[in-house]
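# Examining the three-dimensional arrangement
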Amino acid sequence: MRSSFAKSIYFGAAVLGLAGLSAVTTTTASAKSSAAKVTSSKALTTDANTRNVTFTGTNALYSKPGTVKGAKVVATTTTAKRLAASKNGQDNVRAYRVATTNRGSVYYKVVSFDKQYRGWVYGGKSTSAFAGGVGSYATTKNATAPASTNTYKLNSTSTTANTTLFKAPAWTQYKVGRAVVNGKTLTSTDAYKGAVLTFNKAVTTSREGDTWYQVASVNGSTTDGLVGAWVKASDVTTTNPQSETAVRFVLTDPSGNVVKTFDYAKAKAKSGDTLGSLTGTNGNYTWTLSSDVATDLQSKIDAALSGTGYSYNVSQNTTTLAQAQAGSTVTLPVTKGDVVYQTLKPYVADKHDVTKTNSLTANSKAAGVFFKGNVKLDSKDFDMSQLVITNDNGGVLDHKNSLDTVKNYINSQTGDKDTTLAKLNDEIKASAANFYLAPANISTSDLFSGTKGSAFSSQDVLNYLAKHSTLNTLKSPIYPVFNADGTVKEWDQLSLNATSANSGTFGTSPVQVVYTYGDGNAVSAPFSVTNTNNGSTVSPLQ
């Protein structure tokens, strides 16, 4: 058995051997008899961003956990310190595996973003946090994004290369490279030659200190495949630069989000001039705006906020506005206007020409669920009210199954009776299509609402209707389909489907919605459908 003295000598030699590793790349980490063993080794599965790390320089990088037999130096502590202080993103590091030895030491397997260095580094005694030779590292820091109304273009584009547009700021994420558009890596930027870009996020890279912008829209579109990509700030140029003689006003909502941005220049203003002036006597001075500037500025703000639902009162903020200097940027908090319920005016497409429309009218309470209109064909009147007699509330008092005027009309025609009958039934159907049964179960919270003065698109209207089935598909009143002898073959009802709508502004006149229809569906007595047009419910349809 080796004496305790011999053991001490051996241990000291092992320590000296380890110390010498900082300057050698091929020396083994420990002698065979004292080598540690890996008791656990597994992949790290936490979010990749949480595994971006940097070297501390206190420990070298090894081919295996440092105290395991056969471990060789991949990067000395000197190299680790150099990488930690690097100003190049290629030297960022990602941890992707963790191992624990029988001595309780933790090692992390890491790789530099350029893949030049890969190996194991000592990470302390616990897996709860990076320690020892490696520490957590944020590859980017948040920066201030340009105003949403500021527009930019790429400084240059190429038909054969893409060196500007990336999926993430270059070298800030491991193995994340150039932008991907429509599922394909972007290898040319020529498609975005002259494109107008806006940005909604900005970061600064921690090593280079470069600022990058994230694309929010392309030529006004927020669905273009490039949206979400990143471009270096130095690779774009603003298309609406601020003049030194103008104040740039950034209008923000209560959460600090940019609503609008616009520039305002006072006549004959020079850089640094204020919009107003400091006036007063005997030491009592106040900032004031001339009436012409106040009026003009209010007009410009109203125009900028038109359609947003926000407002700003110049007269109540004179002191702030009067001190604004040409060449500076001033943030103004704006407030939301009143919520209003927008009415929609329904129309039905003409059966002969869908480009033509007829007004769609709610069936009267007295008519109940039945079409009781007067249909004219070849100067002959057919009064549908004679088939079903109802009380004032639409309740059925008398129900007939034939109409003599139909039989007499068919018999009086010299042409083909089937053709004549089909023409009559088609005319009755088209007439019934001009009416609808008022939908049930619509509450105030279901109405189409928005901030007064804010704009909405035609798609916004259709999306709203799609969420309310009784509004998206209206039901026509029930109408008869006749036999040639004047008897009722069946009772039919149409489904009127919303297919198009106009855009508009909340709080203005009713907006057109066009419904179309196909064949009628037979319904049987007793008729279970109801007409809620009794004044007890609300509806966005006018």
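Residues numbered from 1 in each chain as written. Predicted model: local features only at pLDDT ≥ 70, side-chain atom pairs only at ≥ 80, totals over all residues. Heavy atoms only, no water.

### Focus: unusual backbone geometry
A positive phi angle, near 50°, is found at N219, a position not held by glycine. Note on placement: N219 falls in the loop between β15 (211-218) and β16 (230-232). Here S379, not a glycine, exhibits a phi torsion of approximately 65°, which is positive. Among the residues examined, S379 registers a relative accessible area of 68% and is labelled exposed. (Helix = DSSP H or I, 4+ residues; strand = E, 2+ residues; numbered from the N terminus. Buried < 20%, exposed > 50% of the residue type's maximum accessible area, 1.4 Å probe, protein only.)

### Topic: the environment of I428
Position of I428 relative to the elements: it lies in helix α6 (residues 417-432). In this structure, the C-alpha to C-alpha distance between I428 and F482, residues 54 residues apart in sequence, is 9.7 Å.

### A closer look at the side chain of T151
Inspection of the secondary structure puts T151 in the loop between β9 (140-143) and β10 (152-154). Since its relative accessible area comes to 18%, T151 is described here as buried. When residues no more than four places from it in sequence are discounted, the contact partners of T151 are V196, L197, T198, T237, T238, T239 and N240. (Contact = heavy atoms within 4.5 Å.)

### Examining the sheet that holds strand β37 (residues 479-482)
The strand order across the open sheet built from three strands is β37-β38-β42, with neighbouring strands paired in antiparallel fashion. At either margin of the open sheet sits one strand with a lone partner, and together these are β37 and β42 (521-523). Ignoring which end each strand starts from, the neighbouring axes of this sheet average 55° apart. As defined by bridge partners, strand β38 (residues 488-493) adjoins β42 across three bridges and the pair is classed as antiparallel. Directly across from Q493, in β42, lies its bridge partner N521. (Pairing = 2+ DSSP bridges. Axes fitted to C-alpha atoms, helices over the stretch in contact; angles between N-to-C directions.)

### Notes on the environment of K417
Relative to the helices and strands, K417 resides in helix α6. In this structure, the C-alpha to C-alpha distance between K417 and A484, residues 67 residues apart in sequence, is 7.3 Å. Setting aside residues up to four positions removed in sequence, K417 forms contacts with I410 and N411.

### Looking at the packing of aromatic side chains
Using the criterion set out here, one finds 15 aromatic pairs in the structure. Ring geometry for F166 against W212: centres 5.7 Å apart, planes inclined by 85°, an arrangement best described as edge-to-face. Highlighted residues: F166 in strand β11 (residues 165-166) and W212 in strand β15, separated in sequence by 46 residues. Overall, the relative accessible area of 12% leaves F166 in the buried class. Residue classification places W212 among the buried residues on the basis of a relative accessible area of 4%. Following the ring pairs from residue to residue traces out a cluster consisting of F448, F456, Y464 and F506. (Phe/Tyr/Trp six-rings, centres within 6.5 Å; stacked < 30°, edge-to-face > 60°.)

### A closer look at α6
Between its first and last C-alpha, α6 extends 23 Å over 16 residues, near the 22 Å set by a 1.5 Å rise per residue. Where α6 is buried, its residues touch β29 (374-377), β30 (380-383), α5 (404-412), β33 (435-436) and β37. The N-cap residue of α6 is D416: its side-chain oxygen and the backbone nitrogen of D418 are 3.3 Å apart. (Expected span 1.5 Å × (residues − 1). Polar contact = N/O pair within 3.5 Å; in protein donor to acceptor, adjacent residues only side chain to side chain.)

### Description of the side chain of T164
Examined against the element boundaries, T164 turns out to sit in the loop between β10 and β11. T164 has contacts with T189, W212, W230, V231, K232 and D235, leaving out every residue within four places of it along the chain.

### Quick notes on the sheet that holds strand β27 (residues 357-359)
Read from one edge of the open sheet, five strands run β27-β26-β41-β39-β36, paired in mixed fashion. On the outer flanks of this sheet lie β27 and β36 (473-475), each paired with one strand and no other. Here the strands of the sheet are splayed against their neighbours by 40° on average, with no regard to which way each runs. The pairing of strand β39 (residues 495-501) with strand β41 (residues 511-516) spans four bridges and is antiparallel. Among the inter-strand pairings, S500 is bridged to a residue of β41, identified as V514.

Read these as layout, nothing more, since geometry by itself doesn't imply function.
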